[in-house]
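If you want the building blocks of each chain, they are given just below.
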Protein chains: 2
Amino acid sequence: MKTNIAILGSATTKFGEHWKLSLLDLAHLAADEALQDAELTTEDIDAVFVSNMLSGRLQHQDHLGAAVVAELGIKKPGLKVEGACASGGLAVHTAIQSLLAGTYETVLVIGVEKMTDFEASEISAALMGAGAEEERAAGLTFPGLYALMAKAHMQQYGTTREHMANVAVKNHYHASLNKKAQFPYEVSLEKVLASAKLTDPLTLLDSSPITDGAAALILRKVKQNSPKSNKKTVFITASSVAMDTLRLAERDSFAELAATQVAAKKAFAQAGIEHGDVAIMEVHDCFTIAEIMAMEDLGFCKKGEGGDYILSGETRLGGKRPVNTSGGLKACGHPVGATGVKQIVEIRDQLLGRGGEKQVKGAKVGLTQNVGGIGATVVVHILQL
Amino acid sequence: MKTNIAILGSATTKFGEHWKLSLLDLAHLAADEALQDAELTTEDIDAVFVSNMLSGRLQHQDHLGAAVVAELGIKKPGLKVEGACASGGLAVHTAIQSLLAGTYETVLVIGVEKMTDFEASEISAALMGAGAEEERAAGLTFPGLYALMAKAHMQQYGTTREHMANVAVKNHYHASLNKKAQFPYEVSLEKVLASAKLTDPLTLLDSSPITDGAAALILRKVKQNSPKSNKKTVFITASSVAMDTLRLAERDSFAELAATQVAAKKAFAQAGIEHGDVAIMEVHDCFTIAEIMAMEDLGFCKKGEGGDYILSGETRLGGKRPVNTSGGLKACGHPVGATGVKQIVEIRDQLLGRGGEKQVKGAKVGLTQNVGGIGATVVVHILQL
């Protein structure tokens, strides 16, 4: 079913290290800017959906919906949606349900995470909360899990280290044009290839960072017969969720995210569009190999050809279908609960023509892919002008 | 808007200490029993909404929707809803939105928490995740916060220790008739009054315990014109959420939960019923004073008269309007993420006449009140036969 959910406002904070701002400060900043963008006040908001993964463990806050609503000084229903790194996509999906149901008219979605105040070992352990108990017990980490997938992809399809490094080069180039990015600078192919090895074959510069940041959206279901205003409006026309096994060991293939394939198929059917219609995408490049697999699993190239597809330049700014113009998780940053929301903020900015230096010309349709863990959860949204 | 959400199946595990069962085992047990009750299989389920507060901190699982869906061996959308001790009510509220939206036809809600494997000090600290940062920093605990409310209620309305202890006596009596209860035995008024003081004026036996347990519901939106079957069906006819400040210090009064008043008002309007119609309730008696305030704030007696109202016997089994026939959080147990779901399971059992030894005769309408923290979140559901 094609939805008619309008995005009235959107914003992100700067992504990076915010040592002087709390988790709630970040949420508040993004919410205020989104409200301003929508020319609305908190009075207009009927419910707040907060996306976050680690507030319980890191900030000792397990009542985050109430905490955010209190921080905003309103007394409207608020709740937290959690699905590891896919929390953002899931919160948007959940918020949309309440609008389609007619229970709430205008809702605020806030994705937020604050990660840089902690030791790397603590964050690394915390992030394995997205995985399975058996994987944690075996000593696996997320770089380790994605390295297993990269190895499989290399063996099965001949994907190379250069293919992967090229994703980082492209996304850092995009980030260099994005003032909100955590790493707004370019990196060379040589530098990526020569950077410290984390888990073979992945290097430090194949990996997304930990980040503090927040993103916010204001959504409203628009009546079919409402008079058209002169203002351009971006709609969310599809919101789909698909799942896979939590454990990598239980998958048929290590070289794909099957849930991406299922979620994409559902989303294209919902929106009633074809792949050819999509002009721009934000995908979940937590590691460079993930963006290569995303291109294939979303159906924009054949399986195994993701590396070459990206190498062709088609997904670089100036190419036919730019991917991760924000810089992606890789270079814009990855505050986990915020990521799925921020992807939608970036696509909306592009469709409205306010993408700044990284603006893609004439884009009318965009897609986001948000992944939890190693693809146990995948959320796909389609946005249309 | 009156909803037409049918409960097709429901179940809870035994509440108590389950040292041989994991968090996922408990979720699985409750889900299987609810499916059996509904005469459905996992194939019939379109999405799973998991309610839980502390899996990240206690079980290191921050991708709980995916973990539960994988445990059940299905690949349907799954996500976790968190709102401290109101997580259960919020998950039901959220699941209902997806049904009203028409996105999913049949959904499974699972509330689950596993708490007894941990040191009391660890759990006590973890539970303060439901409160505000300033309260944690000040050394406040939940018994401390509710003790402040109890003191205010005593000073303002003349509520006595006996009024509070009487709530424990009633709920333990109900639990003595409930095979699923954590403490299925009676306690005397003298025993409650003489039990160890936790935070003046509350004693150990004024307080709900920590508990392992799970509860599950299968919900479906029923078409208005669907043919009536011979089977009795319980409907959720109202689902409302209201919020208050996270910090107790910011409240106008310490002797009430204003969010309960707002959520109840909305719920009665939604269902189109009056207080007189309600034959049975499950309310959030995390401490005995909370049940006294619930009677008042839900509007079943005047403000300040909750203690006498309960003392009158009207809310005891055999009385006009029994409250917490399960034994409540106090004596049936309080696995936080499961509580809001289990309240609905108990009311449905009663309305269907399968309440066992604790059956209330002829009840047609029931109400649940689920509280997060000290009432920053309150969720009210109304169920009708």
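Our structure is the block above this text.
Bear in mind the structure is a predicted one, so any value in this text is a computation, not a measurement.

1. Topic: the side chain of A:Gln350
Among the structural elements, A:Gln350 can be located in helix α14 (residues 336–351). Apart from residues lying up to four places away in sequence, A:Gln350 is in contact with A:Ile280, A:Thr325, A:Gly355, A:Lys358, A:Gln359 and A:Val360.

2. Focus on helix α14 (residues 336–351) of chain B
All names here are of chain B. In this model, α14 (16 residues) spans 24 Å end to end at C-alpha, consistent with the 22 Å of a helix rising 1.5 Å per residue. The sharpest bend along α14 measures roughly 30 degrees and falls at Lys342. Buried residues dominate α14, accounting for 16 of its 16 residues. Of the residues trailing α14, Gly353 is marked for its positive phi of about 80 degrees.

3. A short note on the relation of the copies chain A and chain B
Overlaying chain A on chain B yields an RMSD of 0.0 Å, the required transformation being a rotation through 180 degrees with an accompanying axial translation of 0.0 Å. In the structure described here, the two chain copies are related by an operation that fits a two-fold rotation axis. Relative to the rotation axis, the closest C-alpha in chain A is found at A:Ala101, a distance of 2.0 Å.

4. Focus: empty space enclosed by the protein
Evaluated as defined, the whole model comprises 3 cavities of 30 Å³ or more. A volume near 90 Å³ is recorded for the largest cavity. Taken together, 15 residues make up the lining of the largest cavity; nearest its centre are A:Gly56, A:Asp62, B:Met53, B:Gly56 and B:Asp62. When contributions to the lining of the largest cavity are tallied by element, the ones reaching two or more residues are α2 (55–59) and β3 (78–82) of chain A together with α2 (55–59) and β3 (78–82) of chain B. Here the lining of the largest cavity gets 3 residues from one element, more than from any other, and that element is α2(A). Looking at the lining of the largest cavity residue by residue, the class counts come to 4 nonpolar, 3 polar and 8 charged. In this structure, the second largest cavity spans a volume of roughly 70 Å³. When residues of the lining of the second largest cavity are traced back to their parent elements, those giving at least two are β2 (47–51) and β3 of chain A together with α4 (87–100) of chain B.

5. Examining the side chain of A:Glu113
Residues and elements named next belong to chain A. With respect to the element layout, Glu113 can be found in strand β4 (residues 106–113). One buried charged residue, Glu113, forms no salt bridge at all, with the nearest opposite charge on Lys80 at 6.7 Å. Side-chain polar atoms of Glu113 contact the backbone nitrogen of Leu54, separated by 2.8 Å. Residues contacting Glu113, with those up to four places away along its chain left out, are Leu23, Leu26, Asn52, Met53, Leu54, Ser55, Thr211, Asp212, Gly213, Pro335, Val336 and Gly337.

6. Considerations on the nonpolar core
Membership of the largest hydrophobic core comes to 136 residues, with the highest contact counts inside it found for A:Leu219 and B:Leu219. In contact with B:Leu219, other than residues within four places in its own chain, are B:Ile5, B:Ala6, B:Ile7, B:Val92, B:Ala95, B:Ile96, B:Leu99, B:Glu105, B:Thr106, B:Val107, B:Val109 and B:Ile236.

7. Focus on the interface of chain A and chain B
You'll often see interface size given as the accessible area lost when the parts meet. Taken together, the contacts link 53 residues of chain A with 53 residues of chain B. Taking both sides of the interface into account, the surface hidden between chain A and chain B amounts to around 3,900 Å²; carbon and sulfur atoms contribute 54%. In this assembly, chain A and chain B are joined by 4 salt bridges. The residue B:Lys80 makes a salt bridge to A:Glu82 at a minimum N-O spacing of 3.8 Å. Here chain A is connected to chain B by 28 residue pairs in polar contact (both at pLDDT 80 or more).

8. Notes on the pattern of salt bridges
Residue and element names in this part refer to chain A. Evaluated as defined, the whole model comprises 41 salt bridges over all chains. The salt bridge involving Glu134 is made with Arg247; its shortest N-O contact spans 4.0 Å. Of this pair, Glu134 sits in helix α6 (residues 133–137) while Arg247 sits in the loop between β8 (234–243) and α10 (258–271), and the two are 113 residues apart along the sequence.

9. Remarks on the environment of A:Pro335
All names here are of chain A. On the secondary structure map, Pro335 appears in the loop between α13 (328–331) and α14. Here Pro335 falls in the buried class, since its relative accessible area comes to 0%. Put simply, Pro335 and Gly213 are 122 residues apart on the chain and 5.6 Å apart in space, counted from C-alpha to C-alpha. Aside from chain neighbours lying at most four places away, what touches Pro335 is Phe15, Glu113, Met115, Thr211, Asp212 and Gly213.

10. Concerning the packing of α4(B) against α14(B)
Residues and elements named next belong to chain B. Remark: α4 packs on α14, axes separated minimally by 5 Å, with the N-to-C direction vectors making an angle of 60 degrees. For the pair α4 and α14, the contacting residues are Ser87, Gly88, Gly89 and Val92 in the first and Gly337, Gly340, Val341 and Ile344 in the second. Here the residues of the contact of α4 with α14 sort into 3 nonpolar, 5 polar and no charged.

11. Some words on the pairing of strand β1 (residues 5–12) of chain A
Residue and element names in this part refer to chain A. A large share of β1 lies buried, amounting to 7 of its 8 residues. Sheet topology places β1 next to β8; 3 bridges connect them, and they run antiparallel. Within β8, the residue paired with Ile5 across the bridge is Ile236.

12. Quick word on the packing of aromatic side chains
All names here are of chain A. Per the stated rule, a full pass over the model turns up 6 aromatic pairs over all chains. Geometrically, the ring pair formed by Phe183 and Tyr185 is tilted, given 5.9 Å between the ring centres and 50 degrees between the ring planes. Sitting over the face of the ring of Tyr173, Arg316 holds its NZ or CZ atom 4.1 Å from the ring centroid.

13. Focus on the pairing of β3(B)
Counting buried residues in β3(B) gives 5 out of 5 residues, a clear majority hidden from the surface. Both faces of β3(B) are covered, namely the face carrying B:Gly78, B:Lys80 and B:Glu82 and the face carrying B:Leu79 and B:Val81. Relative to β3(B), β3(A) runs antiparallel, the two sharing 3 bridges. Following the sheet pairing, A:Lys80 is matched in β3(B) by B:Glu82.

14. Quick look at α4(B)
In an α-helix, one turn spans 3.6 residues, which is why side chains three or four residues apart end up on the same side. All names here are of chain B. Between its first and last C-alpha, α4 extends 20 Å over 14 residues, near the 20 Å set by a 1.5 Å rise per residue. Burial analysis of α4 places 14 of its 14 residues in the buried class, which makes it a mostly covered element. One or two steps after α4, the chain reaches Gly102, where phi turns positive at roughly 85 degrees.

The rules behind the values
- Within any chain, residue numbers begin from 1 and follow the written order of that chain's sequence.
- Both sets of labels track the order of writing: A upward for chains, 1 upward for ligands.
- Under the rules for a predicted model, residues below a pLDDT of 70 receive no local features and side-chain atom pairs below 80 are neither given nor counted, while totals for whole chains, interfaces and linings still include all residues.
- With hydrogens and water excluded, all non-hydrogen atoms of the structure serve as input to the side-chain values.
- Helix and strand labels come from DSSP, where a helix needs a run of H or I of at least four residues and a strand needs a run of E of at least two; each type is numbered from the N terminus.
- The contact criterion used throughout is that any non-hydrogen atoms of two residues lie within 4.5 Å.
- Given the number of residues in a helix, its expected span is that number minus one, multiplied by 1.5 Å.
- Note on bend: the value at a residue is the angle between axes fitted to the seven residues ending there and to the seven starting there.
- The cut-offs for exposure are 20% and 50% of the maximum accessible area for each residue type, with area from a 1.4 Å probe on protein chains only; residues under the lower value are buried, those over the upper are exposed, and the others partly exposed.
- All copies are superposed by least squares; the fitting set is the C-alpha atoms of residues with a pLDDT of at least 70 in both.
- Cavities and pockets were defined on a 1 Å grid built over protein atoms only: a cavity is a set of grid points that admits a 1.4 Å probe from which the probe cannot escape, a pocket is an open set flanked by protein on both sides within 12 Å along at least five of seven lines, and lining residues are those with an atom within 4 Å of any such point.
- Grid points are joined across faces, edges and corners, and a volume is the space filled by probe spheres set on the points.
- Classification used: nonpolar for Ala, Val, Leu, Ile, Met, Phe, Trp, Tyr, Cys and Pro, charged for Asp, Glu, Lys and Arg, polar for all others including Gly.
- This count recognises Lys and Arg as positive and Asp and Glu as negative, with His and chain-terminal groups excluded.
- By definition, a salt bridge exists where a carboxyl oxygen of Asp or Glu is found within 4 Å of a side-chain nitrogen of Lys or Arg.
- As used in this structure description, the phrase polar contact means that two N or O atoms lie within 3.5 Å; if the pair is within protein, one of them must be able to donate a hydrogen and the other to accept it, and residues adjacent in sequence are counted only when both atoms belong to side chains.
- For our purposes a nonpolar core is just a set of buried Ala, Val, Leu, Ile, Met, Phe, Trp, Tyr and Cys residues, chained together by side-chain atoms within 4.5 Å.
- Here the quantity called buried area is the accessible surface, traced with a 1.4 Å probe, that two parts lose on coming together, added over both.
- For helices, the fitted line uses only the C-alpha atoms of the stretch in contact; every axis is such a line through C-alpha atoms, and the angle between N-to-C directions lies from 0 to 180 degrees.
- In this analysis, strands are considered paired if DSSP registers two or more bridges between them.
- By convention, a stacked pair of Phe, Tyr or Trp rings (six-membered ring in the case of Trp) has centres within 6.5 Å and planes under 30 degrees apart, an edge-to-face pair has planes over 60 apart, and any other such pair is tilted.
- Any Lys NZ or Arg CZ that is within 6 Å of a ring centre and within 35 degrees of that ring's normal is treated as a charge sitting over the ring.

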